[in-house]
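Chain and residue survey
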Amino acid sequence: MTRLQIDGRTVDLPAGATLLDAARAAGAELPTLCHDDRLRSAGSCRTCLVQADGRTVAACVTPATPGMTVDASGEEVRNLRRDAVALIASALPPHALADEAPSELAAVCRTLSIEPDSDGTSLTPLRGRDDTHPYVHLDRDLCIACGRCVRMCSDVQGTFALTLTGRGADTVVAPGTGGAWADSDCVACGGCVDTCPTGAITQPGPGEGLTSRQPDPDRVRTTCGYCGVGCALDVVVRDDRVAAVLPAPDGPVNRGHACVKGRFSYGYLTSAERLTEPLVRRDGVLTPVSWDEAIGVVVDGLRAAVEQGGPDAVAAISSARATNEENYLVQKFLRTVIGTNNVDNCSRLCHAPSAAGLTASFGRAGGTDPFGDVETADCFLVVGANPVEAHPVVGARLLQRALGGARLIVADPRAVGLARHADVHLRPRPGTNVALFHGLAHVLVAEGLTDPGFLRERVTGLDELTTLLSGYAPERVAEITGVPADHITQAARLYGRADRPAVLYGLGVTEHLHGTDGVRSLANLPILRGAVGGTGRGFGISPLRGQNNVQGASDMGALPDLLPGYGRVTDREARARAEAVWGRPVPPTPGMRIPEMFEAAREGRLRALWIIGEDVCATDPDSRRVADALDACPLVVVNELFLSETARHADVVLPVASWLEKDGTFVNFDRRFQRVRPAVRPPDAARTDFAVVQAVAAAMGADLGCPAPAEALTECGRVAPVFAGLSHARLDTEGAVPWPCPSSDRPGEATLYAERFATPDGLAHLSAAPYLPPGEEPDGDYPILLVTGRRWAHYNSGSMTRRGGNLLLDARGLLDLHPEDAARYGVRDGAPVTVDSRHGQARLIARVGPDVAPGQVFCAFHFPDEGVNSLTSENADTVTSCPEYKVTAVRLRPVGARG
């Protein structure tokens, strides 16, 4: 600790503290117009001046040293600070300091009694505005060239989209590419808006001037409902409408940062397309009805299905967009009211192989370590993920660590995002992950880059794996994957020689015919290194979850074979524990997975399907066959915000609340429970999914208990001991608590397996699964491999992000292809192109460039009308039925050319 005197008070500060920290500790508030706690200090504005041992210094850049005597409140130094602020303010137009101006500078001037020029003149020439961007507007006349926005873009976001141009008094912020802001590299994270101290950079509309640093008692703390990072957000409400969504400065994961979706993509809330009343199909037309009538139709249909086909003629697809409490209630309804285990959620389509693979390797269906540990990792292996676009807050943190000196290995077919900054970029052919991971493991074992003690004491399966690895020398793996042998060796040595290596991966590992084998083979690497299990020698392995609550939906038991907390329905003890709480028997036979539900519907065995918050006709593979299944099912009920493509095939459509209108919890990608709180009311007659399930159960004469979401989470803890220590009250106090958390008087386990692994024998299990080829291979008719994924501006099927300003940032679906392929197939950049597969057809706009390798193309699925998921096949992971979205053989032709 560092002890010093400031204004006659003794303060103790941690190592590395500055005099600004000392002033705050002593209760002195200093202006800091060029400083933001999220950024490196600059000391350029000179508004935080103090006197230290007789010297006048900028507090924000002056280290605190033992024994120092500091004057922060004397008249002389206060006048110096006032003069510095007044000089800055004198160059601005009068409206910058108007009484209603909400900026940090205006507030400082009011505190210091600095008023705008009385004659209404300004020393600054009119430099104009840039209002081209939907979310970020620039008033150049208010820019004081403090550089905070530039540092936020570089030091936090890592986009480097902004710069300061001009000289002297003419210096002003501008996009680094020149031209309009809307045409720049800006990814609309909102960091520049949030840090600007003068209002030069603002969000247009009712949120103008609002930042995360301003106190506001009306803000509602919640958790983002887009990707699985779990960013804490503060929602500002005016007249029951969202005025702004701001990143929480104390957010446990995001630490005052956000992305375009969480920060700005809430326009869908007030879209004219929001569903506001129930719809029931009458004479082939969806017709508005009352809630009583709609629920009556649902109940009659469910009862008819059970009478005609038994309880297993009913199924439900729950939602990763719903809260934990809603998912818990859905699975409880299916199991105790209907009497079936036919419940699943969209983790089936993305991270089901993670749950299966991590459970087999370590014993639990989640990542091994908290995300905060990346700050101490010295080598990152990022596989099958583009977090810069799909998980931007995570991507930004990883990029900053790499720029700070941590080694970075990226394994991904595309040269995007973090790959551009990697020490080694491995570009395997799609579908060859298992071979690549075995090649890395081969080098670790062959070169002695393993932890013999850890392997001896805490691991099983080493002999079998070593035997298998003898056939995966880098030269052979190069033949399979297309990755040069020396790149494999170099990557393995970087990972193997690191003190604290980390593995993070995404859907490029899971969405394959052998996705579970891929997860397990990747998990072999931290096991071999002893970089898992609380050893302090690594970050372990973490899946980057794609949706806000895809972890929680599975945690809550919205799965056909698993109860809340991952007890198996075939396990008598797990069933008995649930039955004791629910007072009803639990079926002992696993239910149907999502693909099996569609098959059963087409065959006439499934007679009622309840789809909650999922647009399966847009997001599931071979989407035409999905639509056929819905049309064949006698009763399809859909809970939705909008009349999605899936809702158009429904018999009953129920209008429901979005994440900004709900009460409950989400679980993020590193297993943290966090609160979700309603900021505004749902529109008109829309209800929460929680209320809808309760109403249907009550109409069927059943009492689900749990009158409110808080009671549902408490009850879940009685069913699943790993959640017993969690409650809304605790989360309201502590903010975020990871599971397992078996007791309210104990912290959750952020780092797993410190004493033993959760497998039956307490050991980590190495996998010796051989490489097997993908389900589809290119041939003469379909010579190109298609990989599907996400873009930075949109989320999943785009139902929320396409109803707002994001559509101006990314207005259409693009097909990325290499220049060699563009020339070969006569496709021009920017021209429409038809993509055919063995299963369907899509039409996209060509984007020619080097990001993809020859023989491969990439597109997203955010625009359902383009038909991307009509291309993908029904091939699925052999263990979990997760679709093989990452490998589809296709052919290309310019629009108008004959196929």
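The shown structure was predicted, so the numbers you read here are calculated from the model rather than taken from an experiment. (Residues numbered from 1 in each chain as written. Predicted model: local features only at pLDDT ≥ 70, side-chain atom pairs only at ≥ 80, totals over all residues. Heavy atoms only, no water.)

Focus: the overall build of the chain
Inclusion rule: Strands are runs of DSSP state E lasting at least 2 residues, helices are runs of H or I lasting at least 4, and numbering of each runs from the N terminus. Each radius of gyration reported is based on C-alpha atoms, and the globular scaling rule is 2.2 Å times the count of residues to the power 0.38. Contacts are assigned to residue pairs with any non-hydrogen atoms lying within 4.5 Å of each other. In this description, accessible areas are obtained by the Shrake-Rupley approach with a 1.4 Å probe, and a residue is regarded as covered only by the protein chains that are shown. The sign given to each residue is positive for Lys and Arg and negative for Asp and Glu; His and the chain ends receive no count. Charged groups are reduced to one reference atom each: NZ for lysine, CZ for arginine, CG for aspartic acid, CD for glutamic acid.
Across its full length, the chain holds 28 helices and 36 strands. Its C-alpha atoms give the chain a radius of gyration of 28 Å, near enough to 29 Å, the size a compact globule of 899 residues would have. Principal axes of the C-alpha set define a box for the chain whose edges measure 85 × 70 × 65 Å. Counting only contacts in the chain whose residues sit at least 6 apart along the sequence, the fraction spanning at least 24 positions is 71%. A total accessible area of about 31900 Å² is found for the chain, and carbon and sulfur atoms account for 49% of it. Here the chain contributes 88 positive and 109 negative side-chain charges, whose respective centroids are spaced 2 Å apart.

Some points on the pairing of strand 24 (residues 608–612)
In regular strands, side chains alternate between the two faces of the sheet. Stated precisely, the cut-off is as follows: Accessibility here uses a 1.4 Å probe with only protein chains present; expressed as a share of the type maximum, an area under 20% marks a residue as buried, one over 50% as exposed, and anything in between as partly exposed. Any two strands with at least two DSSP-identified bridges between them are counted as paired.
The buried fraction of strand 24 is high, at five of five residues. Neither face of strand 24 is left uncovered, since the one carrying Ala608, Trp610 and Ile612 and the one carrying Leu609 and Ile611 both have all their residues buried. When strand 16 (residues 314–317) meets strand 24, the two strands line up parallel, connected through four bridges. Bridge pairing links Ala316 to Trp610 in strand 24. Bridge count for strand 24 against strand 25 (residues 635–640) is five bridges, and the pairing is parallel. Note on strand 25: the bridge partner recorded for Ile611 is Val638.

Here we look at unusual backbone geometry
Here Trp739 and Pro740 are connected by a cis peptide whose omega angle stands at 0 degrees. Inspection of the secondary structure puts Pro740 in the loop between strand 29 (736–738) and strand 30 (764–765). The backbone of Asp7 shows a phi angle near 50 degrees, a positive value even though the residue is not glycine. Classification of Asp7 by relative accessible area gives partly exposed; the value is 31%. Notably, Asp684 is not glycine yet its phi reads approximately 50 degrees, a positive angle.

Some details on the sheet that holds strand 11 (residues 220–223)
The following threshold applies: With axes taken as lines fitted to C-alpha atoms, and helix axes fitted only over the stretch in contact, angles between N-to-C directions fall between 0 and 180 degrees.
Taken together, three strands build an open sheet; the order of strands is 11-12-13 and the sheet is antiparallel. Whereas interior strands pair on both sides, the edge strands pair on one side only; in this sheet they are strand 11 and strand 13 (241–247). Direction aside, neighbouring strands of the sheet carry axes that sit 35 degrees apart on average. Bridge count between strand 12 (residues 232–238) and strand 13: six bridges; the pairing is antiparallel. Note on strand 13: the bridge partner recorded for Val237 is Val242.

Looking at the pairing of strand 14 (residues 279–282)
In terms of strand pairing, strand 14 meets strand 15 (residues 285–288) through four bridges, oriented antiparallel. Bridging from a neighbouring strand, Val280 pairs with Thr287 of strand 15. With antiparallel pairing between neighbouring strands as the criterion, strand 14 and strand 15 make up a hairpin whose turn holds two residues, including Asp283 at a positive phi of roughly 55 degrees.

Concerning the sheet that holds strand 32 (residues 814–817)
Taken in spatial order, the six strands of this closed barrel run 31-35-32-34-33-36, and their pairing is mixed. Mean inter-strand twist for the sheet, computed between neighbouring axes without regard to direction, equals 45 degrees. Pairing of strand 31 (residues 784–789) with strand 35 (residues 856–860), which is carried by five bridges, proceeds in the parallel orientation. Residue Val787 lies in a different strand from strand 35, and its bridge partner there is Phe858.

Structural notes on the packing of aromatic side chains
Threshold: When two rings of Phe, Tyr or Trp (its six-membered ring) have centres within 6.5 Å they constitute a pair, described as stacked for plane angles under 30 degrees, edge-to-face for angles over 60, and tilted for the intermediate range. Both a distance and an angle decide whether a charge sits over a ring: NZ of Lys or CZ of Arg must be within 6 Å of the ring centre and within 35 degrees of the ring normal.
All told, the structure shown has 13 aromatic pairs when counted by the stated rule. On the numbers, 6.0 Å between centres and 75 degrees between planes, the contact of Tyr226 with Trp659 is edge-to-face. Highlighted residues: Tyr226 in the loop between strand 11 and strand 12 and Trp659 in the loop between strand 26 (652–655) and strand 27 (664–667), separated in sequence by 433 residues. Across the pair, Trp659 and Tyr226 agree in class, each one buried. For the ring pair Phe723 and Trp739, a centre distance of 5.7 Å and an interplane angle of 85 degrees mean the geometry is edge-to-face. Of the two residues, Phe723 sits in the loop between helix 25 (709–719) and helix 26 (728–734) while Trp739 sits in the loop between strand 29 and strand 30, which places them 16 residues apart along the sequence. An aromatic cluster of three or more residues is present, and its members are Phe362, Phe454, Tyr753 and Phe757. The residue whose ring lies beneath Arg803 is Phe642, and the NZ or CZ to ring-centre distance is 3.9 Å.

Just distances and angles here, no functional claims.
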